[in-house]
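An overview of the molecular structure
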Amino acid sequence: AQSVTQLGSHVSVSEGALVLLRCNYSSSVPPYLFWYVQYPNQGLQLLLKYTSAATLVKGINGFEAEFKKSETSFHLTKPSAHMSDAAEYFCAVSEGGATNKLIFGTGTLLAVQP
Amino acid sequence: EAGVAQSPRYKIIEKRQSVAFWCNPISGHATLYWYQQILGQGPKLLIQFQNNGVVDDSQLPKDRFSAERLKGVDSTLKIQPAKLEDSAVYLCASSLEPSGNIQYFGAGTRLSVL
């Protein structure tokens, strides 16, 4: 069965510092992997998506993630945090196919300190 | 392009009452999903439609939850009777087709059951 583990339910960084949000997955087949961001009282917005092309995926707002099969990881990074990055971030996995059901992690709340 | 529309945004009911949520997906999207997001957790799929047929409802509590997608466009999710543990945000998402495609989320309906 697929599952997603996000280490750290809360992460706090200073403005301008590196952002690193961790995600590990388990899947019996090559997965599709996603990072979504959720701002307060809003729905989820796609940041980036991995679908077995390049292992380094660039997304919106300066975020990127690297797929490492040997570590079953898909960590999200951004070189320099901005105040507007404060939000909750969800990693999700899907095996594609007929349902393409997304299995989400429990989320990481990112706080950015001035 | 209009996004996924959901209404109402907020709903407060007492336990044992009934409630209904409405979703209008992005035009042309054949696949529609309903997710339940309990506070502090990632979204969990309740039901997936492909056009007006159910693809996956394995995690839908069918004794109290029901959903329909008449005419393969908008959808309604109903809870009857509601329990305290149904307090959550109910998210609707849509995609062009299931496999590997991006799911676009609405802003959600926040349900409080008292």
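For the structure itself, consult the block above.
The present account deals with the structure reproduced in this document. The structure presented is a predicted model; accordingly, all values stated were derived computationally and were not measured. (Residues numbered from 1 in each chain as written. Chains lettered and ligands numbered in written order. Predicted model: local features only at pLDDT ≥ 70, side-chain atom pairs only at ≥ 80, totals over all residues. Heavy atoms only, no water.)

**With respect to the overall build of chain A**
- Looking only at helices and strands, chain A features zero helices and twelve strands.
- In terms of overall size, chain A behaves like a compact globule, its C-alpha atoms giving a radius of gyration of 14 Å where 114 residues would be expected to give roughly 13 Å.
- If one aligns the C-alpha atoms of chain A with their principal axes, the spans along those axes are about 45 × 30 × 20 Å.
- Per-residue burial for chain A yields a buried fraction of 44% across its 114 residues.
- Across chain A, contacts joining residues at least 24 apart in sequence account for 56% of those joining residues at least 6 apart.
- For chain A, the exposed surface amounts to about 5300 Å²; the carbon and sulfur share of it is 54%.
- The distance from the centre of the 7 positive side-chain charges to the centre of the 7 negative ones in chain A is 6 Å. (Helix = DSSP H or I, 4+ residues; strand = E, 2+ residues; numbered from the N terminus. Rg over C-alpha atoms; globule rule 2.2 N^0.38 Å. Buried < 20%, exposed > 50% of the residue type's maximum accessible area, 1.4 Å probe, protein only. Contact = heavy atoms within 4.5 Å. Areas by Shrake-Rupley, 256 points an atom, 1.4 Å probe, with all protein chains shown as cover. Lys, Arg positive; Asp, Glu negative; His and termini not counted. Charge placed at Lys NZ, Arg CZ, Asp CG, Glu CD.)

**A few points about the pairing of strand S11 (residues 109–113) of chain B**
Residues and elements named next belong to chain B.
- Residues Thr-109, Leu-111 and Val-113 line the buried face of S11, whereas the alternating positions Arg-110 and Ser-112 sit on a face that is not buried.
- In this structure, strand S2 (residues 10–13) lies alongside S11, joined through four bridges in parallel fashion. Among the inter-strand pairings, Ile-12 is bridged to a residue of S11, identified as Ser-112.
- With three bridges connecting them, strand S9 (residues 88–95) and S11 associate as antiparallel partners. (Pairing = 2+ DSSP bridges.)

**Re the state of the cysteines**
- One pass over the full model with this rule turns up two disulfides over all chains.
- Two residues share a disulfide in this structure: Cys-23 of chain A and Cys-91 of chain A, whose sulfurs sit 2.0 Å from each other. One disulfide, between Cys-23 of chain A and Cys-91 of chain A, carries an S-S torsion of -65° and so falls in the left-handed class. Taken together, the positions of Cys-23 of chain A in the loop between strand S3 (19–21) and strand S4 (24–26) and Cys-91 of chain A in strand S10 (residues 87–94) put the pair 68 residues apart, joining distant regions of the chain.
- A sulfur-sulfur separation of 1.9 Å characterises the disulfide bridge that pairs Cys-23 of chain B with Cys-92 of chain B. Judged by the sign of its S-S torsion, about -70°, the bond between Cys-23 of chain B and Cys-92 of chain B is left-handed. Placement of Cys-23 of chain B in strand S3 (residues 19–24) and of Cys-92 of chain B in strand S9 is noted, with a sequence separation of 69 residues between them. (Disulfide = S-S within 2.5 Å.)

**Some words on the environment of Gln-37 of chain B**
- Relative to the elements of secondary structure, Gln-37 of chain B occurs in strand S4 (residues 31–37).
- Overall, Gln-37 of chain B belongs to the buried group, its relative accessible area being 8%.
- There is a polar contact of 3.1 Å between the side chain of Gln-37 of chain B and the side chain of Gln-38 of chain A. (Polar contact = N/O pair within 3.5 Å; in protein donor to acceptor, adjacent residues only side chain to side chain.)

**Describing the interface of chain A and chain B**
- Contacts between the two partners involve 20 residues from chain A, matched on the other side by 26 residues from chain B.
- In total, chain A and chain B occlude about 1700 Å² of area from one another, counting both sides; carbon and sulfur atoms represent 50% of this.
- On the surface where chain A and chain B come into contact, there are one salt bridge.
- Of the charged contacts in the structure, one is a salt bridge between Asp-56 of chain B and Lys-101 of chain A, with a shortest N-O distance of 3.7 Å. (Buried area = accessible area lost by both parts, 1.4 Å probe. Salt bridge = Lys/Arg side-chain N within 4 Å of Asp/Glu carboxyl O.)

**Re the side chain of Gln-2 of chain A**
Residues and elements named next belong to chain A.
- Relative to the helices and strands, Gln-2 is located in the segment before strand S1 (3–5).
- The buried category is assigned to Gln-2, whose relative accessible area is 19%.
- Once you skip the residues sitting within four places of it in the chain, Gln-2 turns out to touch Ser-26, Ser-27, Val-93, Ser-94, Glu-95, Lys-101 and Ile-103.

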